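# Chain and residue survey
Residues per chain, in single letters:
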Amino acid sequence: MGFARTCSVALVGVEGVVVEVQADLEPGIAAFTLVGLPDKSLTESRDRVRAAVVNSGGDWPQKKLTVGLSPASVPKGGSGFDLAVACAVLGAAERIDPKILADIVMIGELGLDGRVRPVRGVLPAVLAAADAGYEQVVVPECTAGEAALVPGVSVLGVRSLRQLIAVLTDTPVPEEEADESGRPDQLLAGLCMPGSGVGTGLGGSAHDGHGLDLAEVVGQLSARTAIEVAAAGGHHVMLSGPPGAGKTMLAERLPAILPPLTREEALEVTAIHSVAGMLPPGKSMIDTAPYCAPHHSATMQSLVGGGPGVARPGAVSLSHRGVLFLDEAPEFSGQALDALRQPLEAGHVTIARSAGVVRLPARFLMALAANPCPCGQYRALGGECDCPPATVRRYQARLSGPLLDRVDLRVEVDAVTRNELAGYGPRGESTKVVADRVREARQRAAARFADTPWRTNSEVPGHALRTRWPAAPGALDEAELDLERGFLTARGLDRVLRVAWTAADLAGRDRPFAQHVALALQLRTGISRGVPMTVGAGS
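Residues numbered from 1 in each chain as written. Predicted model: local features only at pLDDT ≥ 70, side-chain atom pairs only at ≥ 80, totals over all residues. Heavy atoms only, no water.

### Side note on the overall build of the protein
Threshold: Every helix listed is a DSSP run of H or I at least four residues long, and every strand listed is a run of E at least two residues long, numbered separately from the N terminus. Using a 1.4 Å probe on the protein chains alone, a residue whose accessible area is under 20% of its type maximum counts as buried, one over 50% counts as exposed, and one in between counts as partly exposed. To be clear on the numbers: accessible area is Shrake-Rupley with a 1.4 Å probe, and residue cover counts the displayed protein chains and nothing else. The charged-residue count follows a simple rule in which Lys and Arg add positive charge and Asp and Glu add negative charge, with His and chain termini not counted at all. To locate a charge, take atom NZ for lysine, CZ for arginine, CG for aspartate or CD for glutamate.
For the protein, the count of helices and strands is 22 helices and 16 strands. By principal-axis analysis of the C-alpha atoms, the protein measures approximately 85 × 50 × 40 Å. Counting every position in the protein, which comprises 539 residues, the buried fraction comes to 50%. Carbon and sulfur atoms make up 52% of the accessible area of the protein, which totals about 23,800 Å². Positive and negative side-chain charges of the protein, numbering 52 and 59 respectively, have mean locations separated by a distance of 4 Å.

### Concerning the confidence of the model for the protein
Applied cut-off: The predictor attaches a confidence to each residue, and that confidence, scored 0 to 100, is pLDDT. Contact definition: two residues touch when any of their heavy atoms are within 4.5 Å.
Residue-level pLDDT values for the protein average 88, and 91% of them are 70 or greater. When the criterion is pLDDT under 50, residues 196–200 qualifies, and its contacts beyond four places in sequence or with other chains add up to 3 contacts. When the criterion is pLDDT under 50, residues 205–209 qualifies, and its contacts beyond four places in sequence or with other chains add up to 10 contacts.

### Brief notes about the packing of helix α20 (residues 477–485) against helix α22 (residues 514–525)
The angle between the axes and the distance between the axes are what describe a pair of packed helices. Operational definition: Helix axes use the C-alpha atoms of the stretch in contact, all axes being lines fitted to C-alpha atoms, and the angles between their N-to-C directions lie in the range 0 to 180 degrees. The scheme is simple: roughly parallel for angles under 35 degrees, roughly antiparallel for over 145, roughly perpendicular for 65 to 115, oblique for anything else. Under the convention adopted here, Pro, Cys and the residues Ala, Val, Leu, Ile, Met, Phe, Trp and Tyr are nonpolar, Asp, Glu, Lys and Arg are charged, and Gly plus all remaining residues are polar.
At a minimum axis distance of 8 Å, the contact between α20 and α22 shows a crossing angle of 40°. If you check the angle between α20 and α22, you find them oblique. Of the residues in α22, those in contact with Glu478, Ala479 and Asp482 of α20 are Val517, Ala518 and Leu521. Per-class residue counts for the contact of α20 with α22 are 4 nonpolar, no polar and 2 charged.

### A look at the sheet that holds strand β15 (residues 365–370)
Strand pairing in a sheet takes place through backbone hydrogen bonds and is either antiparallel or parallel in direction. We apply this condition: One requirement defines pairing of two strands: DSSP has to find at least two bridges between them.
Strand order in this open sheet of 5 strands is β11-β12-β15-β10-β16, and the pairing throughout is parallel. Each edge of the sheet is formed by a strand with only one pairing partner; in this case those strands are β11 (291–292) and β16 (409–412).

### As for the pattern of salt bridges
We count it as follows: By definition, a salt bridge exists where a carboxyl oxygen of Asp or Glu is found within 4 Å of a side-chain nitrogen of Lys or Arg.
Summed over all chains, the structure comprises 25 salt bridges. A salt bridge links Glu20 to Arg5, with the nearest nitrogen and oxygen atoms 3.1 Å apart. Linking Glu20 in strand β2 (residues 15–26) with Arg5 in strand β1 (residues 2–12), this pair joins segments that are 15 residues apart in sequence. Residue class for Glu20 comes out partly exposed when judged on its relative accessible area of 21%. Residue Arg5 is classed as partly exposed on the basis of its relative accessible area, which comes to 33%. In this structure, the salt-bridge partner of Arg159 is Glu141, at a minimum N-O distance of 3.2 Å. You can see Arg159 sitting in the loop between β9 (154–158) and α7 (161–168) and its partner Glu141 sitting in the loop between β8 (136–140) and α6 (144–147), a full 18 residues away along the chain. When its relative accessible area of 41% is taken as the criterion, Glu141 is described as partly exposed.

### Some words on the environment of Arg498
Using the following cut-off: Under the rule applied, a polar contact is a pair of N or O atoms within 3.5 Å (in protein, one hydrogen donor and one hydrogen acceptor; residues adjacent in sequence only if both atoms are side-chain atoms).
As for its placement among the helices and strands, Arg498 is situated in helix α21 (residues 490–507). Arg498 sits in the buried class, given a relative accessible area of 10%. As a C-alpha pair, Arg498 and Ile286 span 212 residues in sequence and 28 Å in three-dimensional space. Leave out the neighbours within four places in its chain, and Arg498 touches His235, Asn457, Ser458, Val460, Pro461, Gly462 and Leu465. A polar contact is formed between the side chain of Arg498 and the backbone oxygen of Val460, at a distance of 2.9 Å.

### Some details on helix α2 (residues 45–55)
Stated formally: The arc refers to the directions leading from the helix axis to the C-beta atoms.
Taken together, the buried positions of α2 are occupied by Ser45, Arg48, Val49, Ala52 and Val53. The buried side chains of α2 occupy one side of the element, clustering within an arc of 125° when seen end-on. Positive backbone phi, approximately 95°, marks Gly57, located one or two places after α2.

### Focus: the pairing of β15
Taken across its 6 residues, β15 has 6 buried, putting it largely inside the fold. In the sheet, strand β10 (residues 237–240) pairs with β15 via 4 bridges, with the strands oriented parallel. When the bridges of β15 are listed, Val237 appears paired with Ala367.

### Focus: the packing of aromatic side chains
Put simply, the rule is: Aromatic rings from Phe, Tyr and Trp, with only the six-membered ring used for Trp, were paired whenever their centres fell within 6.5 Å, and each pair was classed as stacked if the ring planes differed by under 30 degrees, edge-to-face if by over 60, and tilted otherwise. Lysine NZ or arginine CZ positioned within 6 Å of the ring centre and within 35 degrees of the ring normal marks a charge as sitting over the ring.
For the structure on display, the rule yields 4 aromatic pairs. With a centroid separation of 5.6 Å and 40° between ring planes, the pair formed by Phe32 and Trp60 is classed as tilted. Here Trp60 lies in the loop between α2 and β4 (64–70) and Phe32 lies in strand β3 (residues 31–35), a separation of 28 residues in the sequence. The exposure classification of Phe32 matches that of Trp60, with both residues buried. Note on Trp454 and Trp469: the rings are 6.4 Å apart at their centroids and 80° apart in plane angle, and the pair reads as edge-to-face. With Trp454 in the loop between α18 (431–448) and α19 (462–468) and Trp469 in the loop between α19 and α20, this pair connects stretches of sequence that are 15 residues apart. Taking relative accessible area as the criterion, Trp469 reaches 11% and is therefore assigned buried. Members of the aromatic cluster, each reached through a chain of ring pairs, are Phe449, Trp454 and Trp469. Taking the ring centre of Phe449 as reference, the NZ or CZ of Arg448 above it sits at 4.8 Å.

In C-alpha cells:
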C-alpha cells in the first residue's frame, strides 16, 4: 500500500482555500476514485491525469487508487487540481519521494500530452497558500509572473509534467519544444473567459493606450469640475444632459486622472481580474484604475456577480478601485440598478447561493450618464421635445430616490455651442494638469486619515467626519438649513460634508469653509449658491 499527499487551492469567489490532495494505492482491481465534493470538470481530471502521466513517460499504477480532496466539505471545481493529483499519484506509486510533495502547493491543468496549461485565479490561489504558511508553489510557466507578485513565496513555473517530475526527482530537466513562431501560444487560452475580449465593456483599463485627454472636451466647466472632485474624493457622479453634449467623453477620461494604484490595491484588482479571466495579455499586474462600462441590457447578475454554482465577479467587482460607468442609466432595469445600493454603501457585495456565501470587493467610483427624456431634448436649448409629460416623469423615475441619494455629484451638461466647438473660447486643462491636482488632494486626505482604515473622503463615516475633523465654524449653516427644509436627507448632509472636504483638499486648505460647502451643495442639488464652479488653489 502506498500513500502520498500534496496541496492545491480551491477558489471561493476571489478567496482561496488550501486543499490537501491525498492519493492512496491498495491491492485490488484497477480503479480510480475521486472524492471530496468535486464538480464535473474536476471529476474529468481522472482521464486527463492518467493520459498525461502515461504520455510523460510514467507507468500508471494498476491498483485500486483513491484520491481524496480535504476538507471534503468545501466545493471544488475547475481543472487547477490536475497537477497536484498527478504528483500525489506518482508519490503514492513511489515514483516521487512523498516527503518532498507534502509542503508544496501545485496549481495547473494537464493536457493529455503532459503539458501544463494555465488556469484562472493563480494570484488569489498563491495569496491563500502564502497566508496558510506555504513557501513553495508550482504553477504553469506562463503564469509564473503573476504568482511571483506574492512576497515570501518561491515560485516554480513549469511547462510540462515531465519537467516537474525531473525537478522533484533531481534528474536533468528536459527541454520542451517551442511552439511554431508567428502563432499565438495556445496555452494562454486558459487565462481568458469566453466572451470577455475587446468590446464587451467589462475589461479593465480599456482606454490606457488610446491617449484620451480632458483637453479634448469642449466647454462643460461644471461637468469638468464634478469629474475632478469625483476623482479626488472617490465620489459618485451623475451627468445629465442632451445627446452629444460630452457625457461619455468625460466619463471615459475619468480613469486617467485617478492616481495609480498602490501595490496593495493593485494586488486586489489583479486577483479579481485573474479569477474572472480578464487579465490583459502579457500583463501580470494591473496598476492603473480599471474602467468597466457594461451595456444597459446587462442583468443584475452581470452587474453585482452571480451565475450557477459559486458566484463569479460582476461589473461592480471588476471596477473595484476604478470606475463603473453606466451610460444611458435609465435604460438599465430597475432591479439591476437597485442592486447597486449595497455595494455603493458598503464597498463590497455579498452573494448567497446554495453552494455557499461569497463576499466580493466592490469599492468603485460610479459614473452615471442619462438623457433628460427618451428623445433627449427635454429642456434643451432650441430642442423640440415630443415626449408627453407623463413619459418624461416615468423615464426620470427609473432612477430611484434611494439610489440617487447615494450619488454625491449631479451635474447638468449643456449642449455644446458653435463658438465652443469652433475653439473660440478658452480650452480646458489637460489630463496631466488635473491628474496632478487630484494626486495632491489624495495625498492630503491620506495624510489626514493615516491612523484610520480610510483613504479617501468618500469612505469616512459621517459621524467620524463631524466629530474628528469638524468644518470651520458656521460652514455648515446653509446645508443644515436645507436639511430642515427637507431638501437634504441625513445621508445627503454627510455626503455634502465629504464633498466639501474634497473641495478643500483640492484648494489646499486645512478644513472646509462656507464656500466649499456651498460648492458641494451646488454640485449635489444643481441650485446655484453664488460660488464659482471651479476648484484649485485659492478657491
